[in-house]
Amino acid sequence: TRSLTITSVDQSMFEKAQGEKVTLPCTFELSEEDEGPLDIEWVLIPADNQKREQIIIMYAVDRVYNHYYAGLTGRMQFTNLDPRSGDGSLDILNLKASDTGTYQCKVKKAPGVQSKKIQLTVLVKPARTKCSIEGSQEIGKDVTLKCVSQEGSPLLSYDWRRVSGTQNLPATSVLNKNTGELLLKNASREYSGTYSCVATNRVGTDECSVELNVTPPVNTAGIITGAIIGTLLGLSVLCSIIFCFCKKHREKKYEKEVHHDIREDVPPPKSRSSTARSYIGSNRSSLGSMSPSNMEGYTKTPYSQVPSEDFERAPTQTPAFAPSKVAAPNLSRMGAVPVMIPAQSKDGSIV
């Protein structure tokens, strides 16, 4: 007896790029014996056999159910709005890498049942490809040009080409297409120019470029000498600044200490002339109250010497002279006028 048959058997594997659209075919034919209700199911078979199959969309009793699988919600639909016409194909929009897997189409119309599996692989195009240079760009050195794509499904292949000049890679270059490294041995000035790298996989390409500038070797000895001289000059300037700062600090400290000592510890000096005048005046007052007999001792006192500042007495002390032992001062040598003191004789007359 003839029953339900799936007719789309030409392709069972699909490779698409991320962001694209894919149509998984599932066309069928019904027989006269198939009298039951029509059911069409699309199931995602996980790669891990321990996990259960997941229904992603279903047509049953003239109605579509597409809320079973959150990962594809809003991105899948039946190709034909009326699957009863014999077309149960599935469209998946805006593909993602996570959509990779095995999809199975099941068509049921009792008593007929048929199914078909389709393998879908979602590849990511190369993207964010970066070029760089590793090694010294000096004449005679080995230079490595690197090319790496931050995104992209394997297997990625890299190819280098020279954009400027002869557009041919140098004769000493060694290319590794799997790693994207281009080794330039014994570089010369002629190697300078712009190099471009193209990253490729089965669904797309991406490109980057880099500028190579091969220069003569750098005079490292001169650089080191200049660095040493500059360091020494810098140290000398720093030492000079520190020395000046310390010297100025010491001078300020000394001025502050001297000013403090004069203000608090040392009394103002007295002049020699004022000391001498005060001393002579006190002796004159004493002479005025003495009799001639008591002045004999003052003649022997050397008044020619001016008392120094050390000859000072405390304010509470007063000179006490014994009348019989004090000699009269030599008034002539002092430049003073003798004072005549009257005396009374035995008969009462004044002499």
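Criteria and thresholds
- Per chain, the residues get numbers from 1 upward, laid out in the order the sequence is written.
- Reporting in this predicted model follows two pLDDT cut-offs: at least 70 for local features of residues, and 80 or more for side-chain atom pairs to be given and counted; totals over whole chains, interfaces and linings ignore these cut-offs and use all residues.
- Each side-chain value is worked out from all heavy atoms of the structure, with water and hydrogens disregarded.
- In DSSP terms, a helix is any run of H or I states spanning at least four residues, a strand is any run of E spanning at least two, and both are numbered starting from the N terminus.
- A 1.4 Å probe rolled over the protein chains alone gives each residue an accessible area, and that area as a share of the maximum for its type sets the label: buried under 20%, exposed over 50%, partly exposed in between.
- We call two residues contacting when some pair of their heavy atoms lies within 4.5 Å.
- Using a 1.4 Å probe, the Shrake-Rupley method yields the accessible areas, and only the shown protein chains count as cover for residues.
- Cysteine sulfur atoms that pair up within 2.5 Å are treated as a disulfide.
- Take the buried residues of types Ala, Val, Leu, Ile, Met, Phe, Trp, Tyr and Cys, join any two whose side-chain atoms come within 4.5 Å, and each joined set is a nonpolar core.
- To count toward a patch, a residue needs a relative accessible area above 30% and no salt bridge. Like charges then connect within 9 Å, nonpolar side chains (Val, Leu, Ile, Met, Phe, Trp, Tyr) within 5 Å.
- By definition here, a salt bridge exists when the distance from a side-chain nitrogen of Lys or Arg to a carboxyl oxygen of Asp or Glu is within 4 Å.
- Should DSSP find at least two bridges between two strands, the strands are taken to pair.
- Each axis is a line fitted through C-alpha atoms, taken for helices only over the stretch in contact, and angles between the N-to-C directions span 0 to 180 degrees.

The name an unreviewed UniProt entry gives the protein is CXAR protein, with Cardinalis cardinalis as the organism.

Looking only at helices and strands, one finds three helices and 19 strands in the protein. Per-residue burial over the protein gives 29% buried out of 351 residues. Of the contacts formed within the protein by residues at least 6 apart in sequence, a portion of 59% connects residues at least 24 apart. Of the roughly 23200 Å² that the protein leaves accessible, carbon and sulfur atoms contribute 54%.

Here the focus is the state of the cysteines. Scanning the model with the defined rule gives three disulfides in all. In this model, Cys-131 is linked to Cys-208 through a disulfide, with the two sulfur atoms separated by 1.8 Å. Here Cys-131 and Cys-208 share a disulfide; its torsion about the S-S bond, 75°, makes the bridge right-handed. Of the two residues, Cys-131 is situated in strand 12 (residues 127-134) and Cys-208 in strand 18 (residues 204-212); the sequence distance between them amounts to 77 residues.

Burial of nonpolar side chains together is a common tendency in soluble globular proteins. Core analysis: the largest hydrophobic core is formed by 26 residues, its most contacted members being Leu-24, Trp-42, Ile-56, Ile-92, Tyr-103, Val-107 and Leu-120. Those elements that provide at least two residues to this core are strand 3 (22-24), strand 5 (38-45), strand 6 (54-60), strand 8 (76-78), strand 9 (90-92), strand 10 (101-109) and strand 11 (112-123). If one sorts the elements of this core by residue count, strand 5 sits on top with four residues. Judged by nonpolar contacts, the second largest core, of 18 residues, contains Val-143, Tyr-191, Cys-197 and Val-210.

Further remarks concern a nonpolar patch on the surface. On the surface, a nonpolar cluster with roughly 570 Å² of combined accessible area is contributed by Ile-224, Ile-228, Leu-232, Leu-235, Leu-238 and Ile-242. Examined against the element boundaries, Leu-232 turns out to sit in helix 1 (residues 220-264). Judged by relative accessible area, which is 53%, Leu-232 ranks as exposed.

The next subject is the sheet that holds strand 12. One open sheet holds the four strands; their spatial order is 12-13-16-15, and the pairing between them is antiparallel. The strands lining the two open edges of the sheet, one partner per strand, are strand 12 and strand 15 (173-176). Each strand axis lies, on average, 10° off the axis of its neighbour in the sheet, ignoring direction. Across four bridges, strand 15 lies against strand 16 (residues 181-184) in antiparallel orientation.

Here we come to the side chain of Ser-153. Of note, Ser-153 is situated in the loop between strand 13 (143-151) and strand 14 (157-162). On the basis of relative accessibility, which here comes to 11%, the residue Ser-153 falls in the buried class. If we skip the residues at most four places from it in the chain, Ser-153 touches Val-122, Leu-123, Val-124 and Asn-201.

Following the criterion strictly, the structure yields nine salt bridges and no others. Here Arg-202 makes a salt bridge to Glu-15, at a shortest N to O gap of 2.8 Å. Linking Arg-202 in the loop between strand 17 (193-201) and strand 18 with Glu-15 in strand 2 (residues 13-17), this pair joins segments that are 187 residues apart in sequence. Between Asp-82 and Arg-84 there is a salt bridge; the shortest N-O distance is 3.0 Å. Classification of Asp-82 by relative accessible area gives partly exposed; the value is 31%.

In sheet architecture, strand pairing relies on hydrogen bonds along the backbone and comes in two forms, parallel and antiparallel. Strand order in the open sheet made by the three strands is 3-9-8, with antiparallel pairing throughout. The two strands at the open ends of the sheet, each matched to only one other strand, are strand 3 and strand 8. Pairs of neighbouring strands in the sheet enclose a mean axial angle of 25°, with direction left out of account. Both strand 8 and strand 9 contribute to a ladder of three bridges, which runs antiparallel.

What follows concerns the pairing of strand 6. With five of seven residues buried, strand 6 lies mostly within the body of the structure. Note: strand 5 against strand 6, six bridges, orientation antiparallel. Opposite Leu-44, over in strand 6, you have Gln-54 as the bridge partner. Two strands pair when backbone bridges link them, and strand 6 and strand 7 (residues 63-65) are joined in this way by three bridges, in the antiparallel orientation. In the sheet register, Met-58 faces strand 7, and the bridge partner there is Tyr-65.

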